[in-house]
Amino acid sequence: MKIIRYILLALFAAAIIVPMLVVIFTTFKSTAEVFSNIMGLPSSWSIENYVSIFVEQPMAKYFMNSVIVTLFSVSITLILASFIAYSVTRMFGWIGVVIFSLFTIGMMVPAQVNMIPLYQLVFDLGLTNSLLGLILVNTAVTLPVAVFILSGFMKSLPKSLFEAATIDGANEWKMYYKIALPLSVPSLAATAIFLFVMHWNDLLYPLLFITNNDYKTLPLALLEFQGEYATNYPLLFTGVLIASAPMIIAYIFLQRYFIAGITAGSVKG
Amino acid sequence: MHFKKNKVLFLFLLPGLILYSIFFIVPSLNAIIYSFTDWDGLSPDFNVVGFENYIQIITNDSIFFKAFTNNLKFMLFVLIFQTGFSLLFAMFLIKNTRTNVFLRALYFFPTILSSVSVAFIWTFIYDPNIGILNTVLSSLNLEFLQQSWLGDQNIAIYSVAVTQVWFHTGQMLIIFVAGLQAIPEDLYEVADIEGANRWQRFRHVTWPMIAPSATIVMAYTTIQSFKAFDLIFAMTRGGPNYSTEILATLIYSTAFRSFEFGYASAQSVIFMIVIAIITVAQFRILRASRVQE
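The name recorded for chain B in an unreviewed UniProt entry is Sugar ABC transporter permease, from Jeotgalibacillus haloalkalitolerans. Looking at chain B in UniProt, the text filed under Sequence similarities (unreviewed entry) is "Belongs to the binding-protein-dependent transport system permease family." In the Subcellular location (unreviewed entry) part of its UniProt record, chain B is described as follows: "Cell membrane".

In the nomenclature of an unreviewed UniProt entry, chain A corresponds to Carbohydrate ABC transporter permease from the organism Jeotgalibacillus haloalkalitolerans. Taken directly from UniProt, the Subcellular location (unreviewed entry) text for chain A runs: "Cell membrane".

1. Points about the overall build of chain B
Looking only at helices and strands, one finds 12 helices and 0 strands in chain B. Starting at the N terminus, the α and β elements of chain B follow one another as α-α-α-α-α-α-α-α-α-α-α-α. Summed over all atoms, the accessible surface of chain B reaches about 13,700 Å², with 65% contributed by carbon and sulfur. One finds the centroid of the 17 positive side-chain charges in chain B at a distance of 13 Å from the centroid of its 17 negative side-chain charges.

2. Side note on unusual backbone geometry
All names here are of chain B. Between Gly239 and the following residue, Pro240, the backbone shows a cis peptide bond with an omega angle of -10 degrees. By the secondary structure assignment, Pro240 is in the loop between helix 10 (230–235) and helix 11 (247–256). At Arg237, a position not held by glycine, the phi torsion is positive, near 55 degrees. As for its placement among the helices and strands, Arg237 is situated in the loop between helix 10 and helix 11.

3. Overview of the side chain of Ser268 of chain B
Mapped onto the elements, Ser268 of chain B comes out in helix 12 (residues 261–292). Look at Ser268 of chain B and you get buried, because its relative accessible area is 0%. Leave out the neighbours within four places in its chain, and Ser268 of chain B touches Gln112 and Val113 of chain A together with Ile251 of chain B.

4. With respect to the pattern of salt bridges
Residues and elements named next belong to chain A. All told, the structure shown has 3 salt bridges over all chains when counted by the stated rule. Residues Lys216 and Glu224 are paired through a salt bridge, measuring 2.9 Å at the closest nitrogen-oxygen approach. Given the relative accessible area of 6%, Lys216 is considered buried. Its relative accessible area of 37% is what places Glu224 among the partly exposed residues.

5. Topic: the interface of chain A and chain B
At the junction of the two partners, chain A supplies 83 residues and chain B supplies 79 residues. Counting the contacts that link chain A with chain B gives 0 salt bridges. Here chain A is connected to chain B by 10 residue pairs in polar contact (both at pLDDT 80 or more). Looking at which element gives the most residues to the side of chain A that touches chain B, the answer is helix 13 (residues 233–268) of chain A, with 15 residues. When grouped by side-chain class, the residues that make up the side of chain A that touches chain B number 66 nonpolar, 14 polar and 3 charged.

6. Comments concerning the UniProt feature "transmembrane region" (unreviewed entry) in chain A
Under the present numbering, the feature "transmembrane region" (unreviewed entry) in UniProt falls on residues 7–28, 62–85, 92–111, 131–154, 175–198 and 233–254 of chain A. With 100% helix and 0% strand, residues 62–85 of chain A has its two end C-alpha atoms placed 33 Å apart.

7. Brief notes about the packing of aromatic side chains
Under the definition given, this model contains 54 aromatic pairs over all chains. A ring pair is formed by Tyr126 of chain B and Trp149 of chain B, whose centres lie 6.2 Å apart and whose planes are at 35 degrees; its orientation type is tilted. A residue pair is termed long-range when its members are at least 10 positions apart, and Tyr126 of chain B in helix 5 (residues 115–126) and Trp149 of chain B in the loop between helix 6 (132–139) and helix 7 (156–181) qualify at 23 residues. By relative accessible area, Tyr126 of chain B is classed as buried at 4%. For Lys155 of chain A, the ring lying beneath its charged end belongs to Phe100 of chain A, and the centroid distance is 4.1 Å. Sitting above the plane of the Tyr257 of chain A ring, Arg256 of chain A keeps its charged end 5.1 Å from the centroid.

8. Observations regarding the nonpolar core
Of all hydrophobic cores here, the largest spans 183 residues; its most connected members are Tyr86, Phe209 and Phe225 of chain A together with Tyr107, Ile112, Phe124 and Tyr252 of chain B. Broken down by element, the residue count for this core peaks at 14 residues, all from helix 13 of chain A. Ignoring any residue separated from it by four or fewer positions in sequence, one finds Phe225 of chain A in contact with Ile53, Gln57, Met59, Tyr62, Ala230 and Leu236 of chain A.

9. Regarding the confidence of the model for chain B
Across chain B, pLDDT averages 89, with 96% of residues at or above 70. Taken over the whole predicted complex, pTM reads 0.92, whereas the ipTM for its chain interfaces reads 0.92.

10. Notes on the side chain of Thr217 of chain A
All names here are of chain A. When you line up the elements, Thr217 lands in the loop between helix 11 (204–209) and helix 12 (218–229). In this structure Thr217 comes out as buried when scored by relative accessible area, which is 5%. Among residues more than four places away in sequence, those in contact with Thr217 are Tyr62, Asn65, Ser66, Val69, Leu134 and Pro206.

11. Here we look at the UniProt feature "domain: ABC transmembrane type-1" (unreviewed entry) in chain B
Mapped onto this structure's residue numbering, the UniProt feature "domain: ABC transmembrane type-1" (unreviewed entry) falls at residues 68–282 of chain B. When the span residues 68–282 of chain B is considered, its composition is 73% helix and 0% strand, and the gap between its end C-alpha atoms is 18 Å.

12. As for the environment of Leu19 of chain B
In this structure, Leu19 of chain B sits in helix 1 (residues 3–34). The buried category is assigned to Leu19 of chain B, whose relative accessible area is 13%. Residues within four places of Leu19 of chain B in sequence aside, it is in contact with Leu80, Leu136, Thr139 and Ala140 of chain A together with Phe24 of chain B.

13. Thoughts on the environment of Ile18 of chain B
Position of Ile18 of chain B among the secondary structure elements: in helix 1. Here the alpha-carbon distance between Ile18 of chain B and Leu42 of chain B, two residues 24 residues apart in the chain, equals 28 Å.

Rules used throughout
Residues numbered from 1 in each chain as written. Chains lettered and ligands numbered in written order. Predicted model: local features only at pLDDT ≥ 70, side-chain atom pairs only at ≥ 80, totals over all residues. Heavy atoms only, no water. UniProt positions renumbered as here; feature names shortened; annotations may be inferred. Helix = DSSP H or I, 4+ residues; strand = E, 2+ residues; numbered from the N terminus. Areas by Shrake-Rupley, 256 points an atom, 1.4 Å probe, with all protein chains shown as cover. Lys, Arg positive; Asp, Glu negative; His and termini not counted. Charge placed at Lys NZ, Arg CZ, Asp CG, Glu CD. Buried < 20%, exposed > 50% of the residue type's maximum accessible area, 1.4 Å probe, protein only. Contact = heavy atoms within 4.5 Å. Salt bridge = Lys/Arg side-chain N within 4 Å of Asp/Glu carboxyl O. Polar contact = N/O pair within 3.5 Å; in protein donor to acceptor, adjacent residues only side chain to side chain. Nonpolar A, V, L, I, M, F, W, Y, C, P; charged D, E, K, R; others polar. Phe/Tyr/Trp six-rings, centres within 6.5 Å; stacked < 30°, edge-to-face > 60°. Lys NZ or Arg CZ within 6 Å of the ring centre and 35° of its normal. Core = buried A, V, L, I, M, F, W, Y, C linked by side-chain atoms within 4.5 Å. pLDDT = per-residue confidence, 0-100.

Following this line, the structure appears as structure tokens:
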């Protein structure tokens, strides 16, 4: 019984480790070597693929675009969502409930439903081929899940805290800034990580709105490499590693928070 | 009487509400309006055609039907294996030992990758000539099992589904571990005193106690796999011969390859209705099964 358990655990571990190692090794091989030696170590650890992907492609530009879109989308979503979460939990009567439902219902709508009108809207606003367009759409699309996670947390804060503050004469802004915000730091962090992974990896909206190389983000750029390099796995995987590196490095150091963050997103989303 | 208080709070949510309305609510409602037109997305004019698009989809669109069937195949495969594996591995890794914490983190790892990256890694695994899978099979003298994993119409959808399971099992496992760890130890002690065997322990203690986690995992897995787009788009573009076409990829290509915005909108509205039905049905079924325990 025990032995079956170990075998299964080892097999699943291998199913993750082996492909990842092969991907890393492949980035140091030439295309010819991939055909002759698929799984093994590279014969020489040449960084030629890393050099050539930066030379042949505006890789640095793609990278910066992803950084800008992700940072702005995450921060704006967090700020707006924490405002919304605060006010819907503090609102009296049915208005708060209606507004809260308006946001949470958005979690049910698949991206393919509003994709066509969104494309049209972004086009009409002249925001195709712009990072601003991506940031605005990203923010609107992830507000529902962010509001859901954050208001779940804010509802759990003891009401007496706010009552005491009211007696002390604090206004709503002070209560938000001095009470709700500091106390919700852990759930803000969890939400931030969830949003980070989502925006960094998003493909659909760049695919819809961006055609100009100057504004492509990494996932879209990778997808285009696939067409260009077809079966040039060394170059493709170099792109994959460069695009994934920030997430992988952050994950190694902040595992616990990543797991908590993405799990919160999936439980609520 | 609390109107004044609400008024201040309303200012708090105004910026978010405006952005959300412009870039989410209005476009979602517009999708419904477009679905009653024959708009091609390019020309300025279009005709209102009433329910014509819907009638066409339901009575005379074999590719839509095929995509829907593929959605169901993909979803069922992922639901069974992702829930099964994540529960099994969660039970193996329930204790917080160093090894277990490490393995949980390792299994979770694919979740942080982009679907495009995962798609490329698995395209390489499945490559018929130099792929890892066929290479491993041949080194094990199992050549007869070698396949063109993504090129064979009969298996391509399951090959992609395996990738999806690899991608997200670790995420579901974490939810199960949390559920399992919340089960009080004395319930198992009672079960042991009553002489319950392994299966009875699972059936009468573990399963009822983790029903809430199972509800979350199954609901999330179903919706996530039904909405899958990136992975399939990057691995197969819906081919070969529509064998991996699902509704999400079909709607995309109807809109942005064939430029039938009106028709694609009608497809997307049906897609949303199906998702709503699945969600509601699933919560009903799972709630009912919990009451029976």
